[in-house]
Amino acid sequence: MSTSTAAACPTGIASIGLHFPPLAMSVADLAPLRGEDPAKYTNGLGCGEMSLCAPGYGVVELAAEAARRAIRRWGGDRERIGLLAVGTETGVDMSRPLSAWVAERLGLAGAVRSYEVKHACYGGTLALRQAAEWRMSGAAQDRAALVVAADVALYEPGDPGEPTQGAGAVAMVVDEPEVAAIDPVSYAWSEPQFDFWRPVGESYPRVDGPLSLDCYRRAAENCFRALVGNGDPEAVLRELAAICFHVPFPKMVKKAVQRVGELFHWEAERIEAFFRDKVDPTMVWNRLCGNAYTASLWISVANALKGLAHGQRLAAFSYGSGFGAELLTLEAGPKAAAGEWAEDVERDVSGRRRLNARRYSLLRDREADKRLSA
Ligand code: CAA
């Protein structure tokens, strides 16, 4: 038994790895298949492309590849990894955690606390917070954590949510704050609701669309109110170089920003400028990926961190249906400026195959057959 005293250690994101699956389709190509105007999906919802998984390729492959990339980029001793937490809502088993599949693929075993975290799209953020707090508490004894947020978000063909679907994974090694320090204080808000849920045994989520929009906006309003506290909203938000949101679809984020602006009694032009300067640029990769549930916020954060100077700050708003939300603040570390993880997105996006409407329909039929025969 170790007798060393637990001591808090510098904590943050030491490396990032991302992975998008090998297929994609433009939402503009989906629209005619569903009898919709493409502008509804592109302008109305703000979507671009949906990442899709090929048969036999799923959340395990996404999570494991993102984790491999994060570990390689970190370059630390794998023996130092003492915690593996995977946030997901793409359950592959009701009992065995997704982290066990990831650990198998990576050859991680031994003195490692390994588990899965579920709270809809908020699960990845909870995994990251737990890993950070484990280090901050001193319990980690300076060991590192591997955190993965991975999901395959598929809606029933014809569901209004279909153009927002996507898939992807983000992995982060939590260790020294080389890429970003995570502030110990964060701002959580939760309310029990049925806005988006997937009953046991069902393949697709059930969604109360209008309620889900309202819950998301209310969560954002309460988290930002807590962040600003008694301070001057202008001063608090001015010092943030970027503000990232969970991105179910980009228009949702715009609606949330509108609500936050109203909270601070901003004029329409002020809200528009805030969205244009601090929020919209963070969603470039989300528009190439679609909603990747737990990974969505961290795809946006990874994009925003890339290129930030050491010491610049950003905020990250996490939302998970059910519902739970949390607003985190981070400070860019010395490796943020180089943003090496951008090469993951460039490689995956340039190498993936784009489906037309016919091939997409075949993919969905094949997946339905698989479900029926399961
Ligand atoms: N040209 C341009 N815009 C058009 C248009 C056209 N031809 N036709 C419609 N539009 C606009 C509409 O005016 C509307 O814009 P506003 O909201 O600014 O008014 C927008 O397109 C969407 O139109 P609808 O409201 O009619 O869309 P819908 O009912 O078909 O579906 C949705 C919208 C309910 C959000 C659907 O995408 C959905 O169910 N999504 C899943 C749930 C979801 O993502 N909720 C978000 C919060 S919950 C969460 O965050 C967890 C999570 O990840 C899922």
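Details of the structure are given in the entry above.
The paragraphs below set out a description of the structure included in this document. These numbers were taken from a predicted model, which means no experiment stands behind them. (Residues numbered from 1 in each chain as written. Predicted model: local features only at pLDDT ≥ 70, side-chain atom pairs only at ≥ 80, totals over all residues. Heavy atoms only, no water.)

## Describing the overall build of the chain
When helices and strands are tallied, the chain shows 13 helices and 15 strands. For a compact globule of 374 residues, the expected C-alpha radius of gyration is about 21 Å, and the chain comes in at 20 Å, within 12% of that figure. Counting only C-alpha atoms and orienting by the principal axes, one finds that the chain spans roughly 65 × 55 × 40 Å. The buried share among the 374 residues of the chain stands at 54%. Here the chain displays about 15400 Å² of accessible surface, and carbon together with sulfur accounts for 52% of that area. (Helix = DSSP H or I, 4+ residues; strand = E, 2+ residues; numbered from the N terminus. Rg over C-alpha atoms; globule rule 2.2 N^0.38 Å. Buried < 20%, exposed > 50% of the residue type's maximum accessible area, 1.4 Å probe, protein only. Areas by Shrake-Rupley, 256 points an atom, 1.4 Å probe, with all protein chains shown as cover.)

## Let's talk about the layout of surface pockets
When its volume is computed, the largest pocket comes out at roughly 1600 Å³. Glu89, Thr90, Gly91, Arg198 and Ser203 are the residues nearest the centre of the largest pocket, which is lined by 48 residues in total. Elements with a contribution of two residues or more to the lining of the largest pocket: helix H3 (59-74), strand E6 (144-153), strand E10 (196-197) and helix H13 (357-373). At 6 residues, H13 tops the list of elements feeding residues into the lining of the largest pocket. (1 Å grid on protein atoms, 1.4 Å probe; cavity = no way out; pocket = protein on both sides within 12 Å on 5 of 7 lines; lining within 4 Å. Points joined across faces, edges and corners; volume = space filled by probe spheres on them.)

## Focus on the nonpolar core
Counting residues in hydrophobic clusters, the biggest one holds 48 residues, and the most contacted among them are Phe224, Leu237, Ile243, Phe245, Val253 and Phe317. Here the element with the most residues in this core is helix H6 (residues 209-228); it accounts for 8 residues. In this structure, phenylalanine 224 is in contact with Leu237, Ile243, Phe245, Val260, Phe264, Phe317 and Leu327, ignoring residues within four places of it in sequence. Counting 46 residues, the second-largest nonpolar core is a separate cluster that includes Ile16, Ala145, Val147 and Leu308. (Core = buried A, V, L, I, M, F, W, Y, C linked by side-chain atoms within 4.5 Å. Contact = heavy atoms within 4.5 Å.)

## Topic: the state of the cysteines
With the rule as written, the count across this model stands at 0 disulfides. Sulfur of cysteine 53: no disulfide; nearest cysteine sulfur belongs to cysteine 289 and is 9.8 Å away. (Disulfide = S-S within 2.5 Å.)

## Observations concerning the side chain of threonine 329
Position of threonine 329 among the secondary structure elements: in strand E14 (residues 324-332). With relative accessibility at 7%, the residue threonine 329 sits in the buried group. A distance of 2.6 Å separates the side chain of threonine 329 from the side chain of aspartate 183, its partner in a polar contact. (Polar contact = N/O pair within 3.5 Å; in protein donor to acceptor, adjacent residues only side chain to side chain.)

## Topic: helix H4 (residues 98-106)
Burial in H4 covers these residues: Leu98, Ser99, Ala100, Val102, Ala103 and Leu106. Buried-residue contacts for H4 involve H3, strand E4 (81-87), strand E5 (113-117) and E6. Glycine 107 sits one or two positions beyond H4 and adopts a positive phi of about 70 degrees.

## Focus: the sheet that holds strand E15 (residues 353-354)
Backbone hydrogen bonds are what pair the strands of a sheet, in a parallel or an antiparallel way. Here we have 3 strands laid out as an open sheet, ordered E3-E2-E15, and mixed in their pairing. Strands at the two margins of the open sheet, each flanked by one partner only, are strand E3 (49-52) and E15. Of the pairings in the sheet, the one linking strand E2 (residues 23-26) to E3 comprises 4 bridges and is antiparallel in character. Its bridge partner being in E3, leucine 23 is matched across the sheet by leucine 52. (Pairing = 2+ DSSP bridges.)

## Focus on the site of the ligand
The immediate surroundings of the ligand are formed by 25 residues, with Lys40, Ser212, His246, Lys251 and Lys255 found nearest. Contact between the ligand and lysine 40: an oxygen atom at 2.7 Å from a side-chain N or O atom of the residue. Note that a nitrogen atom of the ligand is positioned 2.8 Å from one of the side-chain N or O atoms of serine 212. Relative to its free-state accessible area of 1100 Å², the ligand is covered by the protein chains to the extent of 70%. Listing elements by their share of the shell around the ligand, those giving two or more residues are helix H2 (38-44), H6 and helix H8 (250-263). Counting residues per element, the shell around the ligand draws most heavily on H6, which supplies 4 residues. A class-by-class count of the residues in the shell around the ligand yields 13 nonpolar, 8 polar and 4 charged. (Near = heavy atom within 4 Å. Nonpolar A, V, L, I, M, F, W, Y, C, P; charged D, E, K, R; others polar.)

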